[in-house]
Every structure is written in structure tokens, then in C-alpha cells.
Amino acid sequence: MKIRIELSEDEAEEIVIRCRQESERIRMLASVIETLTGESGELVLSLGNTEYYVPKEDILFFETFDGKVYAHTADGMYQTAYRLFELEEAMPSYFVRISKSVIANIKQIGSLRRELTGNGEICFRNSDKITYFSRAYYKILKDKIEEVRFSK
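Residues numbered from 1 in each chain as written. Predicted model: local features only at pLDDT ≥ 70, side-chain atom pairs only at ≥ 80, totals over all residues. Heavy atoms only, no water.

### Some remarks on the overall build of the chain
Basically, it comes down to this: To qualify as a helix, a DSSP run of H or I must reach at least 4 residues; to qualify as a strand, a run of E must reach at least 2; elements of each kind are numbered from the N terminus. The buried label goes to any residue with under 20% of its type's maximum accessible area, the exposed label to any with over 50%, and the partly exposed label to all in between, with areas taken from a 1.4 Å probe on protein chains only. Contacts are residue-level and defined by heavy atoms, with any inter-residue pair within 4.5 Å sufficient. Neither His nor the chain termini are counted; the positive set is Lys and Arg, and the negative set is Asp and Glu. The atoms used to mark charge sites are NZ of Lys, CZ of Arg, CG of Asp and CD of Glu.
Scanning the chain from N- to C-terminus turns up 3 helices and 10 strands. Secondary structure elements of the chain occur, N-terminal to C-terminal, as α-β-β-β-β-β-α-β-β-β-β-β-α. Along the first, second and third principal axes, the C-alpha atoms of the chain reach 45 × 40 × 25 Å. For the chain, the residues scored as buried account for 32% of the 152 residues in total. Restricting to contacts in the chain with at least 6 residues of sequence separation, those with at least 24 account for 43%. With 22 positive and 26 negative side-chain charges, the chain shows a spacing of 8 Å between the two charge centroids.

### Observations concerning the side chain of Gln108
Position of Gln108 relative to the elements: it lies in the loop between β7 (102-105) and β8 (109-114). The contacts of Gln108, once residues within four sequence positions are left out, are Glu57, Asp58, Ile59, Leu60, Phe124 and Arg125.

### Considering helix α3 (residues 138-150)
The periodicity of an α-helix, 3.6 residues per turn, causes residues three or four positions apart to be oriented the same way. As a reminder of what qualifies: One less than the number of residues in a helix, times 1.5 Å, gives the span that helix is expected to have. It is the directions from the helix axis to the C-beta atoms whose arc is reported.
Across its 13 residues, α3 extends 17 Å between first and last C-alpha, which sits within 8% of the 18 Å expected from 1.5 Å per residue. Those residues of α3 lying buried are Tyr138, Leu141, Lys144 and Ile145. The buried residues of α3 all sit within an arc of 130° when viewed along its axis, so they share a single face. Lining the buried residues of α3 we find β6 (95-99), β8, β9 (120-124) and β10 (130-133).

### A short note on the environment of Gly118
Here Gly118 lies in the loop between β8 and β9. Sequence separation of Gly118 and Ala136 is 18 residues, and the distance between their C-alpha atoms is 8.4 Å. In this view, Gly118 contacts Phe133 and Arg135; residues no more than four positions away in its chain are not counted.

### Side note on a negative patch on the surface
Inclusion rule: What makes a patch is a set of residues exposed beyond 30% relative accessible area and free of salt bridges, joined within 9 Å when like-charged and within 5 Å when nonpolar (Val, Leu, Ile, Met, Phe, Trp, Tyr). Throughout, the Shrake-Rupley method with a 1.4 Å probe supplies accessible areas, and for residues the shown protein chains are the sole cover considered. In what follows, salt bridge is the name for a side-chain nitrogen of Lys or Arg lying within 4 Å of a carboxyl oxygen of Asp or Glu.
Together, Glu42, Glu57, Asp58 and Asp75 line one region of the surface with negative charge. Within the secondary structure layout, Asp58 lies in the loop between β2 (50-55) and β3 (59-65).

### Comments concerning the environment of His72
What counts here: In protein, a polar contact requires one atom able to donate a hydrogen and another able to accept it; more generally it is a pair of N or O atoms within 3.5 Å, and residues adjacent in sequence count only if both atoms are side-chain atoms.
Along the chain, the position of His72 falls in strand β4 (residues 68-73). Between the C-alpha atom of His72 and that of Arg83, which follows or precedes it by 11 residues, the distance is 15 Å. With sequence-adjacent residues up to four places away left out, His72 is seen in contact with Asp58, Ile59, Leu60, Phe61, Glu63, Met77 and Lys129. One polar contact links His72 to Lys129, side chain to side chain, over a distance of 3.2 Å.

### Looking at the environment of Tyr70
Its location among the elements puts Tyr70 in strand β4. Sequence separation between Tyr70 and Glu86 is 16 residues, and the spatial gap between their C-alpha atoms is 13 Å. When neighbours within four sequence positions are excluded, Tyr70 is seen to be in contact with Phe61, Phe62, Glu63, Phe65, Met77, Tyr78 and Gln79.

### Topic: the pattern of salt bridges
Throughout the structure, instances matching the rule amount to 5 salt bridges. A salt bridge links Arg113 to Glu121; the nearest nitrogen and oxygen atoms lie 3.8 Å apart. Residues Lys144 and Glu147 are paired through a salt bridge, measuring 3.4 Å at the closest nitrogen-oxygen approach. With Lys144 and Glu147 both in helix α3 and 3 residues apart, the pair spans about one turn of that helix. You can call Lys144 buried: its relative accessible area is 17%. A single salt-bridge network, built from bridges that share partners, covers Arg113, Glu115 and Glu121.

The structure is reproduced here in C-alpha cells:
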């Protein structure tokens, strides 16, 4: 393995792992990097005039509704100032887009139910909250579940 650091004029920092094939070793390396860089930290969310510091792993899903983005946890719904595409880039790798208006936490999914149309419903662990995925994102969702939860 070769490690190289390149300096850039960009303000945004980026870590790229180039590999021939994604292996358990590579996934573990990515997980360690996410932990060390604070990707598994907290997110500032609002409820009314109060700001809450919520651990990213406690968030079940983000959804866009009526021009605003909401973060759902097992026991609440908070508003965030981020746009959905910004969250998609900023959240850890276990968050994945499941429809045009929803990003879900793969680690918190308890069950998937598909309809005949190909769309489906997601139920979350330790919560009565549900959300829906569209058929266009189903394969991405299933692949990400396999990668994050069952590849050991």
C-alpha cells in the first residue's frame, strides 16, 4: 500500500482511496478515517428556537418536505439548515439516498417491504417511524445494505 499526501489550493479536504477491489481491509480503513475525521460525530439540528447536538448514528433518515429538510430520530423530528445534496456528501458512508427526497441510515433499517410497483417501505429499529424508497434506488439500497451490514 502506498500513501501519498498532496497539497491543494482548494479549501475542501478530500481523502480518496484507490483500490482494484473493495475489500474488508479497505472498508475498515474508510471506517477508521471517518471516525478520526469526525464524520461519525454530531450534527446541529433545530427544533423551534432550540439547537440540539445529535449524534449522526442516531439519525434514522433525512427528508425534504415543503422546501425544508428534516432529520428524523427514533424520538423526534428536527430541522436542518443543510440541503439534501449537502447532507448526502457530508454524512458517513452508511447514509444512502433512497428516493429524490430521502436519505436513510442503513445501520438503522429494521425491515424493507417492496410493493408490486417496485417502490417500498422502510421500517426502522426501535422506532415506529417509516419512510419510502423508490424503485429507481432499490438496487443501490440493497447493495449498500450488503456492503455496510453483511460484509465481514
